[in-house]
Each structure stands twice: as C-alpha cells, then as structure tokens.
Amino acid sequence: MADLSVNIGELQMKNPVMTASGTFGYGEEFADFIDISRIGGIIVKGTTLHKREGNPYPRMAETPSGMLNAVGLQNKGVDYFVEQIYPRIKDIQTNMIVNVSGSAIEDYVKTAEIINELDKIPAIELNISCPNVKQGGMAFGVSAKGASEVVKAVRSAYKKTLIVKLSPNVTDITEIARAAEESGADSVSLINTLLGMAIDAECKRPILSTVTGGMSGAAVKPIALRMVWQVAKAVNIPVIGLGGIMNWKDAVEFMLAGASAIQIGTANFIDPAVTVKVAEGISTVISGLTVGACYALNLEALRKYFFSKNNMLASQFEIITVEGKAVTIVISPANIEKERYYIEFLNSYGAYECIEVTGKPTLDQDKGEDEVYGKYDEEVNDYIESRER
C-alpha cells in the first residue's frame, strides 16, 4: 500500500480518511464490520458540556440522494464521555477526535478544557454551527465575528490540534474560514449540513418534528466541492473536505480541489466498510495502478498545479504507461500555452519524470494540419530543451 500519511497541524494520520461526527458513533459500533484502526481518524459524535436529550421524533428523513437529520446533538455530556466512553476507546489504534458543541462560548471552553486533559485524544473538532443562546439563537459560525470569538476562546484553553467545522449556510464561507484561521484554528473542515426541509404531501405537514434539518448525502457534493475549492485558496491551514463523499473517486475529487484530508458521513449508513474501501482506492491511485486517467499522478503535485494555475485539470491529459518514475503521456491541450503548463507541472512538482510527450492539439480550422503540428513540435521541443539547460 502506498504511503498515505498526512499531517493536520500536529495531528499525524496514517491516511487522509476520517469519519464525520454523528455518522460513526464512537467507532466501536463499526468494529464488527471493519478494522477501524485502518482509518486515519474517527471523529466521535457531538459532545456538549451537559447532557442533551435531542429533538423529538421524527428527526430523520430520507431525501433524493441524501437525508435530513434533526437529532439535536443528543449525548450524555462530557463528564459521561470521560468516565464511560473514553476508557473504552482510548486504545483504538487510530486518532480518536471529539466533536465539541455548545450553546455559549463558556460551554465550548469548559468542554475543551476537560477534553484537553485526555492523553489519547489528540484533537477536537469545533462545531460552530450551534445556535448562540446569548445572541438570540444565531449560530456562532454564520458571521466572521461570531466564529472568531468562539475560536479564540477555545484556542486559549485547548493546547492540541484544533479543527473548526464550518457551516455552508453563510454568504461567504471564505470569510468565516479566514476568521477561524486568524483566531488560532489549526485546520478547518467543511461542509457541515445544509439547511433543508421535507414535507409529507399526504399528511400535509413537515416530516421532521423541527420542520427543518441538516441535509447530507450525495446530493450536496457539488456544493461541498465548490466550497472546499474556495476555502483552500483562501487559507494557509489544512482543509478537511466532506459532503457527499460516497466512494474513492469522490474523495480524490476533494483532494484535487484542495483538501488535505476528507471525512465520510452519510455513506457509512449505506456501507459500513466504505471508509476502508476509500482508503484502499486512494492507495491504488497513488500507487499508479489506475492507468489511463489523471488519478495516476501524485495527488499533492496535482493540487499544487491546480492552485498555481487556478484552472481545473479536467480530461486534458492521459497516462499511457507508468514505469517507476517514468511516464509517457498524451496531452490534448486547447492551446500550446496550456501544454507548457503540463510539462512544467510534471517536471517542477515531482509527480513523475516526463520522458516523452506526444499529442494532438486542437486543430485551428484556418490552418493546415502540417502548420499546426509543426508549431506544436517546435514549441514542445524548445521548452524541453530550456528545462534541460
């Protein structure tokens, strides 16, 4: 298996696959299905300072390509977690991360202080989508000011890796992400659920007891992918992507958009082994065993290229053979300038050594085939010679 290790702040993970809070329990619930130590990190269900009963039933509803939930952060409080849950999970051989929620800044801080004392919990994920009871119920994470206040307060009390989970229900998520970074976050994770609603047409009433709830699942992926791409360009801390990841290809898309790691949520309800399958799929990609697509290249190199040129790669080149570090590629650029970028990318970022370049540029209808190919060959050869010099 390829080396998939990644660091989020001081948090060292064996691979970039994590579980999303609220979809994987405390990890032990899935131990009968998979070797949970093979996951890069498990983010346990939301934990609050005091016990919460959650919202009345019904609080879950299926939607096309997704689901709605309004569980309401049901949990028995941080003291119960420390006394009853922590002893059971502390020796699981992966990163056990606690999702921290609260109704007031003081609640967040106190909960973080308690968890800070647990040796086998290397990080927390701060859920700032919770309503602030002192501000009329407006969520902390919908404004840069609100996000900054809670992150700064928790940062002063918590000494390990601090991940801040961002809400997509905002006007400009990059503004919130930058506020979290400036206030001391080591990483941001996104997206949390989108606000949605389901109505029973026959009963003529909302399905959820709370009327609205958080939407997740495959349907939200395009929105999540766009937001991860925006945030990754806006901050200098690692970004953890989540939202609609159902398989390894989805995970790779998030990594190409700028995520250093990913979380899998709703897919765990469909396939309890999906996390391990995704890790294996990413390993296959990195190992270069998936030949014939851009995935065969090193993901980090692709990501650097993506941001250096601010342009999605799409299907503009194809891997033909992979032999050690040598690769023969076919490039189908829209113009010579793009082709130069691909050659520069291959040589400069260390994905592979580009030893041969062949291809067919898009023909200009006003020029003959010989003229176009002649210019193409001349440009490519000149550029390769300049790199060798």
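Remember, it's a predicted structure, so these values are computed and weren't measured experimentally.

1. Description of a nonpolar patch on the surface
Here's step 1: On the surface, a nonpolar cluster with roughly 340 Å² of combined accessible area is contributed by Met60, Phe269 and Ile270.
Here's step 2: Of note, Met60 is situated in strand E5 (residues 60–63).
Here's step 3: With a relative accessible area of 46%, Met60 lands in the partly exposed category.

2. Observations concerning the pattern of salt bridges
Here's step 1: One pass over the structure, following the stated rule, counts 10 salt bridges.
Here's step 2: Between Glu28 and Arg88 there is a salt bridge; the shortest N-O distance is 2.5 Å. Taken as a pair, Glu28 in the loop between strand E3 (17–19) and strand E4 (41–47) and Arg88 in helix H1 (residues 78–89) lie far apart in primary sequence, 60 residues in all.
Here's step 3: Using a relative accessible area of 27% as the deciding quantity, one classes Glu28 as partly exposed.
Here's step 4: Close ionic contact of Glu149 with Lys145 constitutes a salt bridge, the shortest N to O distance being 2.6 Å. Separated by four residues within a single helix, Glu149 and Lys145 lie in helix H3 (residues 144–157), roughly one turn from each other.
Here's step 5: Relative accessible area serves as the criterion here: at 61%, Lys145 is assigned to the exposed category.
Here's step 6: A cluster of three or more residues bridged by salt bridges with shared partners is formed by Lys90, Asp91 and Lys120.

3. Considerations on the nonpolar core
The tendency in soluble globular proteins is for nonpolar side chains to be buried as a group.
Here's step 1: Core analysis: the biggest nonpolar cluster contains 80 residues, and Phe81, Val154, Val164, Leu190 and Ile262 have the highest contact counts within it.
Here's step 2: If sequence neighbours within four positions are ignored, Val164 has contacts with Leu126, Ile128, Val151, Ala180, Ala185, Ser187, Val188 and Ser189.
Here's step 3: Among the nonpolar cores identified, the runner-up in size contains 11 residues, and Val6, Ile43, Ile163 and Ala261 belong to it.

4. So, the packing of aromatic side chains
Here's step 1: In this structure the tally under the stated criterion is four aromatic pairs.
Here's step 2: Each ring, one from Tyr108 and one from Phe140, has its centre 5.3 Å from the other, and the planes form 85°; the classification is edge-to-face. With Tyr108 in helix H2 (residues 105–116) and Phe140 in the loop between strand E8 (123–127) and H3, this residue pair connects regions lying 32 residues apart in the sequence.
Here's step 3: For Tyr108, a relative accessible area of 0% gives the class buried.

5. Some thoughts on the sheet that holds strand E15 (residues 239–241)
Here's step 1: Pairing within the closed barrel is parallel, and its eight strands lie in the order E3-E4-E7-E8-E9-E10-E15-E16. Averaged over all adjacent pairs, the angle separating strand axes in this sheet is 25°, with direction ignored.
Here's step 2: Pairing of E4 with strand E7 (residues 95–100) involves five bridges; the strand directions are parallel. The residue of E7 that forms the bridge with Thr47 is Val100.
Here's step 3: H1 contacts E4 and E7 of the sheet and is inclined by roughly 155° relative to E4.

6. Considerations on the environment of Asp172
Here's step 1: Tracing the sequence through the fold places Asp172 in the loop between strand E9 (161–165) and helix H4 (173–182).
Here's step 2: A distance of 2.5 Å separates the side chain of Asp172 from the side chain of Thr174, its partner in a polar contact.

7. Observations regarding the sheet that holds strand E14 (residues 212–216)
Here's step 1: The sheet built from four strands is open, its strands ordered E5-E6-E14-E11 with antiparallel pairing. Every interior strand has two partners, whereas the edge strands, E5 and strand E11 (194–197), have only one. Taking the axes of each pair of neighbouring strands and ignoring which way they run, one obtains an average angle of 40° across the sheet.
Here's step 2: In terms of strand pairing, E5 meets strand E6 (residues 66–69) through four bridges, oriented antiparallel.

8. Thoughts on helix H5 (residues 221–234)
Here's step 1: The end-to-end C-alpha distance of H5 is 20 Å, a good match for the 20 Å that 14 residues give at a rise of 1.5 Å each.
Here's step 2: Every buried residue of H5 is listed here: Lys221, Ala224, Leu225, Met227, Val228, Val231 and Ala232. Considered in projection along H5, the buried side chains sweep an arc of 165° and stay on one side of the axis.

Calculation criteria
- Residues numbered from 1 in each chain as written.
- Predicted model: local features only at pLDDT ≥ 70, side-chain atom pairs only at ≥ 80, totals over all residues.
- Heavy atoms only, no water.
- Patch = residues over 30% accessible without salt bridge, like charges linked within 9 Å, V, L, I, M, F, W, Y side chains within 5 Å.
- Areas by Shrake-Rupley, 256 points an atom, 1.4 Å probe, with all protein chains shown as cover.
- Salt bridge = Lys/Arg side-chain N within 4 Å of Asp/Glu carboxyl O.
- Helix = DSSP H or I, 4+ residues; strand = E, 2+ residues; numbered from the N terminus.
- Buried < 20%, exposed > 50% of the residue type's maximum accessible area, 1.4 Å probe, protein only.
- Core = buried A, V, L, I, M, F, W, Y, C linked by side-chain atoms within 4.5 Å.
- Contact = heavy atoms within 4.5 Å.
- Phe/Tyr/Trp six-rings, centres within 6.5 Å; stacked < 30°, edge-to-face > 60°.
- Pairing = 2+ DSSP bridges.
- Axes fitted to C-alpha atoms, helices over the stretch in contact; angles between N-to-C directions.
- Polar contact = N/O pair within 3.5 Å; in protein donor to acceptor, adjacent residues only side chain to side chain.
- Expected span 1.5 Å × (residues − 1).
- Arc of directions from axis to C-beta.

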